[in-house]
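Residues per chain, in single letters:
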Amino acid sequence: MHPGGCDASILLDVAQSEKTAGPNLSVGGYEVIDAIKTQLEQACPGVVSCADILALAARDAVSYQFKASLWQVETGRRDGTVSLASNTNTLPSPFAGFAGLLQSFQNRGLNLTDLVALSGAHTIGVASCSSVTPRLFNGNATSVDPLLDSAYAKTLMSSCPSSSASGTVNLDGGTALKFDSGYYTRVLNKQGTLASDAALAQNAAAAQMVQDLTNPIKFYAAFSMSMKKMGRVEVLTGTNGQIRKQCRQVNSS
């Protein structure tokens, strides 16, 4: 997710680019996007943006297990030409409390429902240990966040054994390879991996939504709607931006 909007700036390989920033160090799969782009450029050069490829690939990755598309992707985005690690400071922090998270979403025209639904993306994927260790350690001493289940804290410590551990940990401590609603059940059981996951249970309205989304049918519907909404945030269209020939670099001409 780009701090400004969906313009594929995370794909650019330039000095101090977004992909080098802390929040994005656990992102992978760039070579998959390259392979898709190569085939598209052969079939219809200069037509499909890297931003649209990302939006479609995200939908397909989530939908694959269902053998049907979970939502329709609106296309027509163009690609950005700037990628700055410093811009990622505006992304929601893994350490944020509820008020900070909600404000971060509202700044982009997204609401409480979107915050809770899109947090469900943490049903898959990984986080860097550095996003988790402040909940486990204070310097070299063990200091477990009271909002974290003690047994789950031990599981996290086995992946991130010190405050300076460099590995990754699954965002969903149960079914990490399955796109399901188990994430919400774990949040209610103090088994959210990030402090920002735990924060959802600290607000009455959000906690009620978390409870509702433990129902998989409700989760898939809410997630689909919010992904579509997020896909409209500050998109480049018309003559803004460009259609990159290669996703890792801006067009030279």
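What you see is a predicted model; the values in this text were computed from it and never measured.

### A closer look at the overall build of the chain
On a plain count of helices and strands, the chain comes out with nine helices and four strands. Listed by position from the N terminus, the elements making up the chain come as α-α-α-α-β-β-β-α-β-α-α-α-α. Structurally, the chain occupies a C-alpha span of about 55 × 40 × 30 Å along its principal axes. Looking at the 253 residues of the chain, the share that counts as buried comes to 44%. A sequence separation of at least 24 residues applies to 70% of the contacts in the chain between residues at least 6 apart. For the chain, the exposed surface amounts to about 12,300 Å²; the carbon and sulfur share of it is 55%. For the chain, the separation between the mean place of its 19 positive charges and that of its 18 negative charges on side chains is 2 Å.

### Brief notes about the UniProt feature "domain: Plant heme peroxidase family profile" (unreviewed entry) in the chain
Feature annotation in UniProt assigns "domain: Plant heme peroxidase family profile" (unreviewed entry) to the following positions: residues 5-251. For residues 5-251, the helix share is 36%, the strand share is 4%, and the end-to-end C-alpha distance is 20 Å.

### Brief notes about unusual backbone geometry
The phi torsion at K67 lies on the positive side, around 60 degrees, for a residue other than glycine. One can find K67 in the loop between α2 (50-63) and α3 (98-106). The backbone phi angle of E234 is positive, close to 45 degrees, even though this residue is not glycine. As for its position among the elements, E234 is in the segment after α9 (216-230). When its relative accessible area of 56% is taken as the criterion, E234 is described as exposed.

### Describing the environment of R186
With respect to the helices, strands and loops of the structure, R186 is situated in helix α6 (residues 182-188). In the structure, R186 is positioned 24 residues away from V210 in sequence and 10.0 Å away in space, judged by C-alpha atoms. Excluding residues that lie within four positions of it along the chain, R186 makes contacts with D172, G173, G174, T175, Q191 and G192. Side chain to side chain, R186 and T175 meet in a polar contact 3.4 Å long.

### Considering helix α4 (residues 112-119)
Within α4, seven of the eight residues are buried, which leaves the element mostly enclosed by the surrounding structure. If you check which residues of α4 are buried, you get L112, D114, L115, V116, A117, L118 and S119. Those residues of α4 hidden inside the fold are in contact with α3, α6, α8 (204-212) and α9. Sitting at the head of α4, N111 places a side-chain oxygen 3.1 Å from the backbone nitrogen of T113.

### What about the side chain of N251?
As for its position among the elements, N251 is in the segment after α9. A distance of 2.8 Å separates a polar side-chain atom of N251 from the backbone nitrogen of K245. When sequence neighbours within four positions are dropped, the list of residues in contact with N251 reads Q242, I243, R244 and K245.

### Observations regarding the pattern of salt bridges
Across all of its chains, the model carries 10 salt bridges by this definition. Here D52 ties to R77 by a salt bridge, and the two come within 2.7 Å at their closest N and O atoms. Here R77 lies in the loop between α2 and α3 and D52 lies in helix α2, a separation of 25 residues in the sequence. The burial state of D52 is the same as that of R77; both residues are buried. Residue R59 is joined to D60 by a salt bridge in which the shortest nitrogen-to-oxygen separation is 2.6 Å. Judged by relative accessible area, which is 10%, R59 ranks as buried. One connected set of salt bridges, linked through shared partners, spans D13, K19, D34 and R248.

### What to know about the UniProt feature "binding site: heme b" (unreviewed entry) in the chain
When the UniProt feature table is mapped onto this chain, "binding site: heme b" (unreviewed entry) is found at H122. Here H122 is to be found in the loop between α4 and β1 (126-128). Beyond its immediate sequence surroundings of up to four residues, H122 is in contact with L171, D172, Y183, L194 and D197.

Conventions adopted
- Residues numbered from 1 in each chain as written.
- Predicted model: local features only at pLDDT ≥ 70, side-chain atom pairs only at ≥ 80, totals over all residues.
- Heavy atoms only, no water.
- Helix = DSSP H or I, 4+ residues; strand = E, 2+ residues; numbered from the N terminus.
- Buried < 20%, exposed > 50% of the residue type's maximum accessible area, 1.4 Å probe, protein only.
- Contact = heavy atoms within 4.5 Å.
- Areas by Shrake-Rupley, 256 points an atom, 1.4 Å probe, with all protein chains shown as cover.
- Lys, Arg positive; Asp, Glu negative; His and termini not counted.
- Charge placed at Lys NZ, Arg CZ, Asp CG, Glu CD.
- UniProt positions renumbered as here; feature names shortened; annotations may be inferred.
- Polar contact = N/O pair within 3.5 Å; in protein donor to acceptor, adjacent residues only side chain to side chain.
- Salt bridge = Lys/Arg side-chain N within 4 Å of Asp/Glu carboxyl O.

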